[in-house]
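Letter by letter, the chains look like this.
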Amino acid sequence: LGGGGDVGVFVGIERPDWATVQSAVPELHSSVYATTGSTVSVASGRLSFVLGLQGPCVSVDTACSSALVAAYNGSHAVRSAECISAVASGVGLKLLPYATLGAAAAGMLSIDGRCKTLDARANGYARSEGVGAMVVHTDPALASAGSELGGSSVRQDGRSASLTAPNGSAQRTLLVAALNRASLAAADVGSAEAHGTGTALGDPTEAGSLAAVYLARGRPSPLVLGAAKANIGHSEAASGMMGLVRAQQALRTATPSGNAHLRVLNPLIGSRLQGASGRVLMALTPQGLRDVRAGSVSSFGFSGTIAHAVQEALERAGL
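If you're wondering where the values come from, they're calculated on a predicted model, not measured in any experiment.

Calculation criteria
Residues numbered from 1 in each chain as written. Predicted model: local features only at pLDDT ≥ 70, side-chain atom pairs only at ≥ 80, totals over all residues. Heavy atoms only, no water. Helix = DSSP H or I, 4+ residues; strand = E, 2+ residues; numbered from the N terminus. Expected span 1.5 Å × (residues − 1). Buried < 20%, exposed > 50% of the residue type's maximum accessible area, 1.4 Å probe, protein only. Pairing = 2+ DSSP bridges. Axes fitted to C-alpha atoms, helices over the stretch in contact; angles between N-to-C directions. Contact = heavy atoms within 4.5 Å. Parallel < 35°, antiparallel > 145°, perpendicular 65-115°, else oblique. Nonpolar A, V, L, I, M, F, W, Y, C, P; charged D, E, K, R; others polar.

Asks: Before we go on, may I ask you to explain helix α10 (residues 239–253) in this structure?
Replies: Because the α-helix completes a turn every 3.6 residues, residues three or four places apart line up on one side. Here α10 spans 21 Å end to end across 15 residues, near enough to the 21 Å set by a 1.5 Å rise per residue. Within α10, 11 of the 15 residues are buried, which leaves the element mostly enclosed by the surrounding structure. Among the residues of α10, Ser239, Gly240, Met241, Met242, Gly243, Leu244, Arg246, Ala247, Gln248, Ala250 and Leu251 are the ones counted as buried. Positive backbone phi, approximately 60°, marks Ala254, located one or two places after α10.

The structure is reproduced here in structure tokens:
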């Protein structure tokens, strides 16, 4: 990791199902390990303890944006010289059915268990599990060990139609702030990893925000748009890390992943993109992405906390 013990740990995590499991089994909740094993704060603390790391150590819960907010915090800590480098991670496990039943009752879940992001058939999301981590640093010598976030921003939807409803204006402000912090122009960003849950309201709102910021002034090359959730489902607290990993892989290999389940573009998304002076590619299959300086990642929590990161391309071995 570099820096010896001067390394931060930031973990995106929410709703510890394990704590509920423990409470129902006397042999578990009476264990000496019950308190530490069911507390989200210890998720980050245990990593620092085991690895002997003494930098900042924080567990982050902002719902579905938790992992990307954790990466934002890690990047800020490194840039502020609070630590030499930082481990940013996200984790989401589904051990109990209660949250799934609640999301289904609210009409959030796809009845056929597929995230059909950007597609006209989109009917909700599919819950999935995930865990991922990255090393955040600013030292080029550590390029093979992790990534550098060129710029990132965290904001809030504020007042919108409801607590969980997206706010397009807030999203646009968020995207512009991340670009400014990265000192990049919109045209420098070649791919956008959308939050893209495959919902009737969320996807069109996000597409309109992306078009307003990344396509407003035209661009010499198209913007490649996709979402990991179409391929692996919505891992909720961990989903931002899944997006970061996919975006960095696309930059490393110059080949973005295709969008699973995209057959016919949602007409509401098409209407949001009309009038944009730049072109958008929503890849059905992987296609080239050479000479691209950066890619972007969005992650939005139903709490209203929204995050966006611009990830710069690292040196591509052999390319």
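Asks: Help me understand the sheet that holds strand β2 (residues 57–60) in this model?
Replies: Hydrogen bonds along the backbone pair up the strands of a sheet, which may run parallel or antiparallel. Taken in spatial order, the four strands line up as β2-β1-β3-β4 in an open sheet, and their pairing is mixed. Strands with a single pairing partner mark the edges of an open sheet, and in this sheet they are β2 and β4 (130–136). The average angle at which neighbouring strand axes cross in this sheet is 15°, direction not considered. With respect to the sheet, helix α4 (residues 40–51) is in contact with β1 (7–12) and β2, its orientation differing from that of β2 by roughly 145°.

Asks: Even after reading the chapter, I still don't get the environment of Pro166, so can you show me in this structure?
Replies: Examined against the element boundaries, Pro166 turns out to sit in the loop between β5 (149–156) and α7 (168–182). Looking at Pro166, the relative accessible area reads 24%, which means it is partly exposed. Sequence separation between Pro166 and Gly202 is 36 residues, and the spatial gap between their C-alpha atoms is 6.4 Å. Leaving out residues up to four positions away in the same chain, Pro166 has contacts with Asp157, Ser160, Gln171, Leu201, Gly202 and Thr205.

Asks: What is the right way to look at the packing of helix α5 (residues 66–79) against α10 in this model?
Replies: When two helices pack together, their arrangement is given by the angle between their axes and by how far apart the axes lie. With their axes 5 Å apart at the nearest point, α5 and α10 run at an angle of 65° to one another. Classed by the angle they form, the pair α5 and α10 counts as roughly perpendicular. Facing α5, whose interface residues are Ala67, Leu68 and Ala71, α10 presents Gly240, Met241 and Leu244. When grouped by side-chain class, the residues that make up the contact of α5 with α10 number five nonpolar, one polar and no charged.

Asks: Got a minute to help me understand the pairing of strand β3 (residues 85–92) in this structure?
Replies: Remember that side chains alternate between the two faces of the sheet whenever the strand is regular. Most of β3 sits inside the fold, with seven of its eight residues counted as buried. One ladder, built from seven bridges, connects β3 with β4; its direction is antiparallel. Bridge pairing in β4 places Ser89 opposite Ala133.

Asks: Explain the side chain of Thr205 here, please?
Replies: Here Thr205 lies in helix α8 (residues 202–214). We classify Thr205 as buried; its relative accessible area is 15%. In this structure Thr205 touches Pro166, Asn167, Gly168 and Gln171, once residues within four positions along its chain are discounted.

Asks: Can you walk me through the sheet that holds strand β8 (residues 280–281) in this structure?
Replies: In spatial order, the strands read β5-β10-β9-β6-β7-β8; together these six strands make up an open sheet with mixed pairing. The open sheet has two free edges, formed respectively by β5 and β8, since each of these has just one partner strand. As defined by bridge partners, strand β6 (residues 189–193) adjoins strand β9 (residues 294–300) across four bridges and the pair is classed as parallel. Looking at β9, one finds that Ala192 is bridged to Ser296.

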